Each structure stands twice: as C-alpha cells, then as structure tokens.
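Observations on the model geometry
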Amino acid sequence: MFHLFNPYLFNSQHYKAVLAVFLFAIYLGCTSGENDNFELPFVEFENISVEEIDIGKALFRANLIIKEGEIRERGFVISSSISNPDINNFDDRIEILKPSEISGFDTTWVTEFPSFTYYVRAYAIVADDRVERPRTIYSEEEKFSLSGGVKVLDSIDFLFNDSVRIEGVLVKLTRQVAKHGHVISTNTQVLPTISNSITSNLGPESDDGSFFSSFNDLNFNSKYLVRSYVITEDGRDIYSDTTSFQTKDGWKTKSKWNGQSQFRIGRDPIQLSLAVSDGHQAYVGVGCKQICGVSFGLHNDIYGFQPNLESSFLNHSDFNSEARIHSVNFILRDTIYYGLGVLDGDKSYFKDFYHHDESSNSWVRIQDFPGEGGRFGAVAFVYDGYAYVGAGRSASGDYLNDFYRFNPGSKHSKNAWDTIASLPLLLRNRSNLVRDRGRVNAVGFSIDGLGGFAGSGYDGLRWQKDFWRYDVPTNTWRDSTLILGSDGFSRASAFVIDEIAYIIAGYSNGSVVNEMWAFDPLNISGIETWTSRILIQGQPRYYAKGFALNGKGYILFGETCIFDGNCDSESKRRILTDIWEYTPLVN
C-alpha cells in the first residue's frame, strides 16, 4: 500500500516533486471553484416593452434591477434579420449611459420600413473588481412590427394665394385604410387633427404611394400647420409629422351694390364720387348713374360701409348741394370734407367745399377753394392735421399744378386755405427737366413721418408715372422714384396700410391698366421702392375708389373696358358694382 507520507519517499527528491504538483493542483481547483461560484448577473431585467408612437417610430422601455457591480453601458439592440440580436450582431444599436442608481430607461427609434418584423433586446454592460473583464447581460427578446402610415413631403404647391395643393405619401401599410387625407389649421399652438382642423377625406386606400389634397378659400397672409392622416379599419388614427406653409397677400370679393331695396337709385349702376375712411367705417356715394359723361343723371346718396356687417351699406346723410362727379374728399379730425368736381357732361365746374356736421347730420359749406375757377380731377391727401389739395383741369381746359393747404381750424374764414409750392411735372424723355404743366386725375396719399405724395395723371399730352413728395418744413416737392412697368396712367386708386402705399392703376392711352404697385419708402435698404403686387381677380378698372379700413384695403366699383381692354368710346365701357378686399403681405 502506498502512503503519501512514507518517510523514505518524503526524504527523496522524487517525493518533493510529486507533492509540489499535487499542492498546485489543489490551488488551481480552489481558485477555479471560487470564480465558478461568483455568478453573474449582478443585474437582471425586470421587463422590456415596445410602444408604437408615430409613423415608423417606436418607444423602447426597459427596467433594470441592479444588485451589484457598476453599469458601464446600457441600451437596446435591434435587428430585422436575426432573432436575439447582441452587441456584436445587430442592425441598430442604441446605447444609453445613465447613472447606475436609475433603474428605468427608454429611447425612441425610427425606421423607414415600419412593416418589417423586428427583434429587440435591452442590454447592460456590467463591471466588478472580482471579475477580470465586464460582462454583457441581455433582456428577453421582443418581436414587433409597426403599422405604417403617412408622411408629408416638402411638395406644397400654391395654386393661388388662397389655395394650396399638398402631397402626402402612404408608407408600408400593414392595416386596411378606411380614410386618408390631410388636415390643416391656422392654430399654430395646437397640432392639427381630424376633430379640430379643415380636413380632406380621400376615402379608403390599400396601396402605398403618393396622394394629393387641395384646399381653397384659405385666409390670405396666414401660416397653416399641415399633417397627413390615416384612419385604419380597426379605428386607429395615424398622423404624419407636422409641416407648415404661408399664404401670400391677395384679393377677395366682398359684396355688390344691391341696386334695388337697399338704395334709392333704382337698378342703375353708379359711379362713386366720394369714398373715404375714418378708420372705423367708410363713407361712399355721390356721383353719376351709368357711364359718367352720359346724361343719365347724378345722385346725392351717401352710405356708411362696414365690410364685416351682413348689410355692408347703411344709409348716411345725403349731400345737400349740387350733385357732381370727379370731386375730391378727405377726412380731418373725424370730419368728412367734400368739394370741387364737375356736372355730368362738363356742364359746370365747382370750387365750393363742404364738411359734414354730425350734430345736425347735414353738409355745411366752408370757405371756397382758392384756385382760379372751378376744377375737376384734382388730387388730395392729409398729413399732420392739414389737408393738401391741388392740380386738376379747369373749365377752360387748362391742366393745373397749383396746390393749397387747408386748415380745418379756420374752415369758415378767409384764412382756411394757404398757397404752397406747385406740383412739378418730370418729363420722361429728359429726366433732369421739370416744367410747370399741370395734370388731371393724379393720385395722392400720405405716409406718417415722411409727408404727402402725389403723382401719375394726364398732362394733356401723355400719361405720367412720376411721383413727388411734399416736404412741409421747406415747402418743396422732392422727386420720388418712378413706378416701374407702366408707361404712365391716370384715374388710379390708392390706399395706405402700415406705412406702405398701394396703387391700383388705372387708365392709359384709351385702355385700362391692369397693374398694382406697393410703394415702400422705409424698406431695409433705405431706398424708396415700388414692388409689383397681386392683381384684383375681377375685371381691371379705373375711376375706382380705394381706402384702407382695419388693416385691409378696399377697391369699390369703377369702369372697365369690355372689348379687348379698349375704352376709346363710351359704348365699350361698363360700370362695375363689385367690391374687393385686399389683405397685404406681412413679413
């Protein structure tokens, strides 16, 4: 029998070698056992979940129970090709580093292919001093696919300033679609939905691909939010990401002259001679029936115009002096002033002026206009508490350029009118030459802080497009920037909104001029500029009346040419009775 501690063997070198090997084996066994008993994980996953939150977008959540060790990294691994993806074999890997004491973590994940089948696992990389290297722990696997849905492309085409055409795309559908389309809203604080927005309904759909929605009668100069949507057969509402578009400036028709029950002028269309706004409502009326210049009679009716009321025109006091056309009017200190003009058919020219007395609801004559004789087609503007009136054509056929300032505090005295510098005229073929010839049917406006402006018109030889600014302190007219595009015009309309003047022209060389220009003297470059703007969508016109009210511009009535824009005879002209409202472009 062999004994390990045999003295003979113990004293031999052989024995010592055998013993050393034996003890080393015991040491290795003990060390190996110690590591084997130190079992990971120090952490374990309690749960993992997948939630679809949008088109092609999922929310991953996991909860980690931390027992021992240090979390070096944690996140998710996703694959569409293999089950149980790991950090060495995955399609997508999302790593999230958070303090180890926080047990829950989540992230969102987006795919362009929602209908694929995906596999996801949460993972944690754990380190501890008792192990040589960190180890990776995985959760159970979740298998999922997303429903697919819609998205909006950057393809938004304006059909017109109040219309839009939007493209959407159905993406990898996995559910039957009961309805689809677009939703748009001007409420930029809330996402548009089917319940709170303007909605297009394009019905059911079973195929992926593009679809289009058109929206009409939108607000001008407004920002809209837009989303595509899908309603599935099982009742799910799916929306795309949100995009936006901005409509531009534009015109829309408001109402028409009733001509029967609302007015006492019968059914004849009329030409307005008075149209002015006090900022709260406008006052319109006076003028001629049918085409001015043909003796169908004049009228003295005046009405208040409030565009937001169902009955836009309300009876006001009639003008109680001789009816006339081609007169001038303005408002000073909330009082309407009206004067000058001519009888239908050039029968008589006027130089008288009137103001409307609210207390008696009647028109009271004030100091006559000081120019020699009567005149028609004069131009007027109001600036810094005074009115400025001048130019026009006299009974003798002279084209006038004299100008006068009206003081409303002296309206019944001989000092009501002061003579100021005459309005110049700039020859277009010799831009450095100014001459004294006057003009008729020019247009005027004023801009706060700058002064009054007057320009365009007809001088007896040609139609003009020059504009001049009156400088009050120096009593001089400064040459302003010429309007581009047109060869000159007269009988235009104008209004001012937020210190920008808008000109709607007009008449030139026997034809109607279908143009609209915005004059901005305070633009960022510091240079006066004229910019072409959107046209009225109705018929082009001249002799129309324009004014601004509540931040919008209005054009009423006027004449048009019914044969190829040619107005060389009265038989080719037609009186218009429509009213157009302009919403300006605001940057």
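Refer to the structure printed above.
Before going into details, it helps to say that this report is about the structure given with it. (Residues numbered from 1 in each chain as written. Predicted model: local features only at pLDDT ≥ 70, side-chain atom pairs only at ≥ 80, totals over all residues. Heavy atoms only, no water.)

1. Remarks on the layout of surface pockets
Unoccupied space between atoms shows up once a probe the size of one water molecule is rolled over them. What the largest pocket holds in volume is close to 1,300 Å³. Within the residue set of the lining of the largest pocket, elements represented by two or more residues are strand 18 (270–277), strand 22 (328–332), strand 27 (379–383), strand 33 (443–447), strand 37 (493–497) and strand 41 (545–549). Of the residues forming the lining of the largest pocket, the biggest block, 6 residues, is contributed by strand 18. Class assignment of the residues belonging to the lining of the largest pocket gives a composition of 28 nonpolar, 14 polar and 7 charged. (1 Å grid on protein atoms, 1.4 Å probe; cavity = no way out; pocket = protein on both sides within 12 Å on 5 of 7 lines; lining within 4 Å. Points joined across faces, edges and corners; volume = space filled by probe spheres on them. Helix = DSSP H or I, 4+ residues; strand = E, 2+ residues; numbered from the N terminus. Nonpolar A, V, L, I, M, F, W, Y, C, P; charged D, E, K, R; others polar.)

2. Comments concerning the pairing of strand 45 (residues 578–583)
With 6 of 6 residues buried, strand 45 is to be regarded as a mostly interior element. Neither face of strand 45 is left uncovered, since the one carrying Asp578, Trp580 and Tyr582 and the one carrying Ile579, Glu581 and Thr583 both have all their residues buried. (Buried < 20%, exposed > 50% of the residue type's maximum accessible area, 1.4 Å probe, protein only.)

3. Examining the sheet that holds strand 2 (residues 57–66)
Sheet architecture is open: 3 strands sit in the order 1-2-5, paired in antiparallel fashion. Since the sheet does not close on itself, it has two edges, and those belong to strand 1 (43–54) and strand 5 (104–110), each with one partner. This sheet shows a mean twist of 20° between the axes of neighbouring strands, independent of strand direction. Pairing analysis gives 10 bridges linking strand 1 to strand 2, with the strands arranged antiparallel. Its bridge partner lying in strand 2, Glu44 is registered against Ile65. (Pairing = 2+ DSSP bridges. Axes fitted to C-alpha atoms, helices over the stretch in contact; angles between N-to-C directions.)

4. A word on empty space enclosed by the protein
What the rule picks out here adds up to 1 cavity of 30 Å³ or more. There is about 70 Å³ of room inside the largest cavity. Around the largest cavity sit Ile504, Ala505, Val513, Asn514, Glu515, Met516, Leu535, Ile536, Gln539, Pro540 and Arg541, which together line it. Ranked by residues supplied to the lining of the largest cavity, first place goes to strand 39 (residues 511–520) with 4 residues. Residue composition of the lining of the largest cavity, grouped by class: 7 nonpolar, 2 polar and 2 charged.

5. Let's talk about the sheet that holds strand 38 (residues 500–508)
Taken in spatial order, the 4 strands of this open sheet run 37-38-39-40, and their pairing is antiparallel. Unpaired on one side and paired on the other, strand 37 and strand 40 (529–532) mark the two borders of the sheet. Sheet twist, expressed as the average angle between the axes of neighbouring strands with direction ignored, equals 25°. As defined by bridge partners, strand 39 adjoins strand 40 across 4 bridges and the pair is classed as antiparallel. Paired with Asp520 across the strands is Thr529, a residue of strand 40.

6. As for the environment of Val382
By secondary structure assignment, the location of Val382 is in strand 27. Assessed through its relative accessible area of 24%, Val382 is described here as partly exposed. For the pair Val382 and Ser446, spaced 64 residues apart in sequence, the C-alpha separation works out to 6.4 Å. Apart from the residues within four sequence positions on either side, Val382 is in contact with Phe330, Ile331, Leu332, Ala387 and Ser446. (Contact = heavy atoms within 4.5 Å.)

7. A look at the environment of Glu112
Locating Glu112 in the fold gives a position in the loop between strand 5 and strand 6 (118–127). Taking relative accessible area as the criterion, Glu112 reaches 64% and is therefore assigned exposed. Glu112 has contacts with Val171 and Lys172, leaving out every residue within four places of it along the chain.

8. With respect to the packing of aromatic side chains
Counted according to the given criterion, the structure contains 45 aromatic pairs. Here the aromatic rings of Phe60 and Phe144 are separated by 5.7 Å at their centres, their planes lie at 65°, and the arrangement is edge-to-face. With a gap of 84 residues between them, Phe60 in strand 2 and Phe144 in strand 8 (residues 142–144) connect regions that are remote in the sequence. Residue class for Phe144 comes out buried when judged on its relative accessible area of 9%. Relative to Tyr404, the ring of Phe369 has its centre 5.0 Å away and its plane inclined at 80°; by these criteria the two rings are edge-to-face. Note that Phe369 is positioned in the loop between strand 25 (362–365) and strand 26 (375–376) and Tyr404 in strand 29 (residues 399–406), a separation of 35 residues in sequence. For the pair formed by Phe369 and Tyr404, the shared burial category is buried. The ring of Tyr239 has Arg227 sitting right over it, with the charged end atom 4.2 Å from the ring centre. (Phe/Tyr/Trp six-rings, centres within 6.5 Å; stacked < 30°, edge-to-face > 60°. Lys NZ or Arg CZ within 6 Å of the ring centre and 35° of its normal.)

9. Description of the pairing of strand 14 (residues 223–232)
Taking burial as the measure, the 10 residues of strand 14 include 9 buried ones, the bulk of the element. Sheet analysis places strand 14 next to strand 16 (residues 243–246), joined by 4 bridges and oriented antiparallel. Bridge pairing in strand 16 places Lys223 opposite Gln246. Here strand 14 runs beside strand 15 (residues 237–239); their pairing, made up of 3 bridges, is antiparallel. Considered in strand 15, the bridge of Tyr229 is made with Tyr239.

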